[in-house]
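Structural overview for review
The residues making up each chain are set out below.
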Amino acid sequence: HRDLKPENILLTQDKIVKIIDFGLSHEFNGEDLLKTKCGSASYASPELISKPFYDGFKNDVWCCGIILYAMLCGYLPFEKNRNERNNHSLFKNILQCNFEIPDFISNLSRDLIIRLLNVNSFERISISKIKKHPFYLKGKSLCKLDYSLIEENIIKKRCFKNNCHIDANEEIYIKNKNL
């Protein structure tokens, strides 16, 4: 994709994730290393910044780490002390992996973020290993809630069933701080 970021991820009413904006994407033939420097600076992988060629899949995994960090923390990991006029300090922070994970982040999510944001692309976690990671598996099990029970309680406008809270707008909030 080469431009994964929250702005390019949509969620349908049926809770299906859709990735959009394939303007910078590259068709993969199984062996290609990419050379075009593209995407958003705040989501750039170290190899995209510093190497002549990079693996598009590993670059996208890095972007997923930035997205996960931003979703859990509310801000981007490498933006500290960034001068808005140039990306020098941002790229320096990325290349040195200079970021902090706040104390309120659980050990499971902390572990996955560290594996996703590994500066060494050869050691960075793969998609198949992400799918086996305890943080991913815990989130996957939370998504298997019995929605028929929740739908019955929407009429009451407020419920605390299956560790969820449903408000008057029928939005579901998972209330589990261990993620």
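To keep things clear, this report deals only with the structure shown in the data block. The structure displayed is predicted, hence computed values, not measured ones.

What follows concerns empty space enclosed by the protein. Applying the stated criterion across every chain, the model contains one cavity of 30 Å³ or more. Around the largest cavity sit Arg2, Asp3, Leu4, Cys38, Gly39, Ser40, Tyr43, Ala44, Ser45, Leu48, Asn59 and Cys63, which together line it. For the lining of the largest cavity, the per-class residue count stands at six nonpolar, four polar and two charged.

On to the packing of helix α4 (residues 107-116) against helix α6 (residues 134-142), then. A pair of packed helices can be characterised by two numbers: the angle between their axes and the separation between those axes. Direction vectors running N to C along α4 and α6 enclose 125°, while the axes themselves pass 8 Å from each other. In terms of their interaxial angle, α4 and α6 are classed as oblique. Contacts from Leu108, Ser109 and Leu112 of α4 reach α6 at Pro134, Phe135 and Lys138. Counted by class, the contact of α4 with α6 contains four nonpolar, one polar and one charged residues.

Attention now goes to the pattern of salt bridges. Going through the model one piece at a time under the given rule, you end up with three salt bridges. We note a salt bridge from Lys5 to Asp3, for which the minimum N-O separation is 3.8 Å. A salt bridge links Arg124 to Glu47, with the shortest nitrogen-to-oxygen separation between them at 2.7 Å. Here Arg124, found in the loop between α4 and α5 (127-130), pairs with Glu47, found in helix α1 (residues 46-50); they are 77 residues apart in sequence, far enough to count as distant. Using a relative accessible area of 7% as the deciding quantity, one classes Arg124 as buried.

We now examine the layout of surface pockets. Within this model, the second largest pocket holds a volume of roughly 270 Å³. Every residue lining the second largest pocket is counted, 13 residues in all, and those nearest its centre are Glu47, Lys51, Phe53, Ser121 and Phe122. Here the lining of the second largest pocket gets three residues from one element, more than from any other, and that element is α1.

About the thresholds
Residues numbered from 1 in each chain as written. Predicted model: local features only at pLDDT ≥ 70, side-chain atom pairs only at ≥ 80, totals over all residues. Heavy atoms only, no water. 1 Å grid on protein atoms, 1.4 Å probe; cavity = no way out; pocket = protein on both sides within 12 Å on 5 of 7 lines; lining within 4 Å. Points joined across faces, edges and corners; volume = space filled by probe spheres on them. Nonpolar A, V, L, I, M, F, W, Y, C, P; charged D, E, K, R; others polar. Axes fitted to C-alpha atoms, helices over the stretch in contact; angles between N-to-C directions. Helix = DSSP H or I, 4+ residues; strand = E, 2+ residues; numbered from the N terminus. Parallel < 35°, antiparallel > 145°, perpendicular 65-115°, else oblique. Contact = heavy atoms within 4.5 Å. Salt bridge = Lys/Arg side-chain N within 4 Å of Asp/Glu carboxyl O. Buried < 20%, exposed > 50% of the residue type's maximum accessible area, 1.4 Å probe, protein only.

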